[in-house]
Amino acid sequence: MRALTDTSDILVIGAGIVGVSTAIWLQRSGASVTLIDRDEPGSATSYGNAGILASASVVPVPTPGILKKVPGMLLNPNKALFLKWSQLPRLLPFFYKYLLNSNSDSVFKISNALSYILYDTVEQHLEISKGTNAENYITTNDLIFGYSDKIAFENDRYSWDLKRKHGHKFSSLSRDDLAKYDKNLKNKFGFAVKCMNHGTISDPGVYISELFKSFINKGGKFLKAEVKDILFDDFRNPVSLNTNNGDIPCNRAVLTSGAWSAGLARKLGAKIPLTSERGYHVEYHSPNIKFKAPVVISDSKFIIHSMQGRLRCAGLVEFGGTSQPESSHPFKLIEKKIETLFPELKYERKTYWMGHRPSTTDSLPVIDISPNYNNVWLGYGHQHIGLSAGPKTGKILSEIILSKNSNRDLSRFSASRDGLVK
Ligand SMILES: Cc1cc2nc3c(=O)[nH]c(=O)nc-3n(C[C@H](O)[C@H](O)[C@H](O)COP(=O)(O)OP(=O)(O)OC[C@H]3O[C@@H](n4cnc5c(N)ncnc54)[C@H](O)[C@@H]3O)c2cc1C
């Protein structure tokens, strides 16, 4: 679809949850907006995630002790961490900062910033979807963490203590409690934790399409094009976007291209390294089991979520960039675990998917104006929590673009930071 963009339009590059949310908030504030994506809106990472509005996900992946665990995890195909070894030399500078941020002081600062962007995620989703079909896809529910036994839970004590410090409430469930909670979980885990008041999205892809439709119905424009470059005048103001669909005049732009933001972000002056933390899902269609609440398989780091018409099993981490093909081991790990835990599961067919979490070395997104140019803003890098934090990011971006709310301290999300937490 070709949009007739106007020079007064704000051009939002990338229509995942972050870009669509940004477009909607700008539009609600009276701006004229064109969304641009090379694919259908909501069809990249925002499509295939686990669908959890994860207000309690305040703990980054690198935490104290990770350095000792990583080699063993990488060498064991039954563990949830994978690496495309050919990419290791390119990724070393990223890993250096990423792992240096695993000390407890840095993790504490990161978790404070994550908490700020996540604590009201359900309310933010209810607000952005109000009056649209998208609101039918939001539910509040528990989130269950299943552990083989209490010792395995104790090994995660650091992360639970941090969640508790941020005010998150949870209760423990014995094997018997869990069977009473959901008969499908009888004898599946020796110990479990129930987190209350989480949100879920029952079909993230459709949810974002519905948000997008509401944007279009209210006069928003969409252009299908791949943006190659942003061109500026001598005064550092944008003049056009160079795309595979021709040049588009541009006065104001926002970069929300997820894991593919790195090239343009560098030109715009962002210093923090960005890479893809690839994640995987396997879906079991028309399953004979429907879980009462989503379940995190703690030892395998993926989530099982009964979505509309299918059971989605999504998670794992593979470092390997955006251009490498998907690997077979992560799919096998998910399937093996599911077949072992739920031999009674029957289904019609399976489908497979890999997506790209946009991850920075300090596990925090960039939400800021370009350090190098005027009238261009950045909103990317939401790692494991982008579905949750997308609407709030969009609201914050719309405020800073339209110079509305100056009370927020956004320094942790600065585009000028170097990616090592101080
Ligand atoms: C397995 C898995 C499970 C997850 N589970 C959860 C979860 O339960 N809860 C949660 O909160 N988060 C979860 N996440 C993370 C979440 O999905 C991401 O953080 C989020 O989707 C990122 O959104 P985004 O809008 O930044 O990027 P994307 O959704 O990837 O959107 C970026 C868009 O930009 C477009 N684009 C890129 N480059 C260009 C260009 N040059 N020109 C035009 N268009 C371009 C792409 O086509 C794409 O549509 C999960 C991720 C994975 C992989």
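The numbering scheme is per chain: residues are counted from 1 as the chain's sequence reads. Since the coordinates come from a predicted model, pLDDT governs what is reported: local features require at least 70, and pairs of side-chain atoms require 80 or more to be given and counted, while whole-chain, interface and lining totals use all residues. Remark: hydrogens and water are excluded; side-chain values derive from all non-hydrogen atoms of the structure.

**A short note on the site of the ligand**
Right, so step 1: Proximity criterion: a residue is near a molecule or strand once any of its heavy atoms comes within 4 Å of it. Near the ligand you find 33 residues, and of these Asp37, Thr45, Ser46, Gln383 and Ser388 are the closest.
Right, so step 2: Under the rule applied, a polar contact is a pair of N or O atoms within 3.5 Å (in protein, one hydrogen donor and one hydrogen acceptor; residues adjacent in sequence only if both atoms are side-chain atoms). Here an oxygen atom of the ligand and a backbone polar atom of Ile17 are 3.3 Å apart.
Right, so step 3: Contact between the ligand and Gly386: an oxygen atom at 3.0 Å from a main-chain N or O atom of the residue.
Right, so step 4: Accessibility throughout is a Shrake-Rupley quantity obtained with a 1.4 Å probe, and a residue counts as covered only by protein chains that appear here. Considering the ligand on its own, with 1,000 Å² of exposed area, one finds that the protein chains cover 97% of that surface.
Right, so step 5: Think of it this way: any DSSP run of H or I at least four residues long counts as a helix, any run of E at least two long counts as a strand, and we number them from the N terminus. Listing elements by their share of the shell around the ligand, those giving two or more residues are α1 (17-28), α2 (45-48), β13 (274-285), β17 (349-360) and α13 (386-401).
Right, so step 6: Domains are outlined according to an automatic or database domain assignment. Formed jointly, the shell around the ligand draws a minimum of three residues from each of two domains, domain 1 (10-47 + 206-271 + 363-413) and domain 2 (56-115 + 143-199 + 274-359).

**Structural notes on the sheet that holds strand β12 (residues 252-255)**
Note: strands within a sheet are paired through backbone hydrogen bonds, in either parallel or antiparallel orientation.
Right, so step 1: We treat two strands as partners when DSSP finds at least two bridges between them. Within the open sheet, the six strands sit side by side as β8-β2-β1-β12-β19-β18. Their pairing is mixed. Edge positions in the sheet fall to β8 (221-224) and β18 (366-369), since each of these pairs with one other strand and no more. Going from strand to strand, the sheet's axes swing by 20° on average, the running direction of each strand aside.
Right, so step 2: Alignment of strand β2 (residues 33-37) against β8, held across four bridges, turns out to be parallel. Following the sheet pairing, Asp37 is matched in β8 by Lys224. Interaxial angles span 0 to 180 degrees and are taken between N-to-C directions of axes, which are lines fitted to C-alpha atoms, for helices over the stretch in contact.

**Some points on the domain arrangement of the protein**
Right, so step 1: Under the domain assignment used here, the protein contains domain 1 (10-47 + 206-271 + 363-413) and domain 2 (56-115 + 143-199 + 274-359).
Right, so step 2: Throughout, a residue-residue contact means that at least one pair of heavy atoms, one from each residue, lies within 4.5 Å. On the side of domain 2, 22 residues touch domain 1, which itself brings 18 residues to the contact.
Right, so step 3: Per-residue buried area on domain 1 facing domain 2 is highest for Tyr47, Gln383 and His384; these three make up 32% of the total on that side.
Right, so step 4: What counts as a salt bridge is simple: a side-chain nitrogen of Lys or Arg found within 4 Å of a carboxyl oxygen of Asp or Glu. There are zero salt bridges connecting domain 1 and domain 2.
Right, so step 5: For the pair domain 1 and domain 2, the number of links is six residue pairs in polar contact (both at pLDDT 80 or more).
Right, so step 6: Classification convention: Asp, Glu, Lys, Arg as charged; Ala, Val, Leu, Ile, Met, Phe, Trp, Tyr, Cys, Pro as nonpolar; all other residues, Gly among them, as polar. Across the side of domain 1 that touches domain 2, the residue classes tally to nine nonpolar, eight polar and one charged. Summed over both partners, buried area is the accessible surface (1.4 Å probe) that two parts give up on being assembled.

**Structural notes on the pairing of β18**
Right, so step 1: Relative to strand β19 (residues 376-380), β18 is paired through four bridges, and the arrangement is antiparallel. By the bridge assignment, Asp368 is partnered in β19 with Leu378.
Right, so step 2: The antiparallel hairpin formed by β18 and β19 contains six residues in its connecting segment, where Asn375 sits at a positive phi of about 60°.

**Structural notes on unusual backbone geometry**
Negative phi values dominate among residues other than glycine, just as trans dominates among peptide bonds.
Right, so step 1: With a phi close to 60°, Ser363 is a non-glycine residue in the positive phi region.
Right, so step 2: The topology assignment puts Ser363 in the loop between β17 and β18.
Right, so step 3: Backbone geometry places Ser403, a non-glycine residue, at a positive phi of 50°.
Right, so step 4: Structurally, the position occupied by Ser403 is in the segment after α13.

**Comments concerning helix α8 (residues 157-165)**
Right, so step 1: Those residues of α8 not exposed but buried are Ser159, Trp160, Leu162 and Lys163. On an axial view of α8, the arc spanned by its buried residues comes to 160°, and they lie on one face.
Right, so step 2: Where α8 is buried, its residues touch α5 (104-118), β5 (138-147), α7 (150-155), β6 (170-174) and β7 (191-201).
Right, so step 3: With its phi angle positive at about 90°, Gly167 sits one or two positions after the end of α8. Exposure classes here rest on a 1.4 Å probe applied to the protein chains alone. A residue is buried below 20% of its type maximum, exposed above 50%, and partly exposed in between. Working definition: the arc comes from the directions between the helix axis and the C-beta atoms, pointing outward to the latter.

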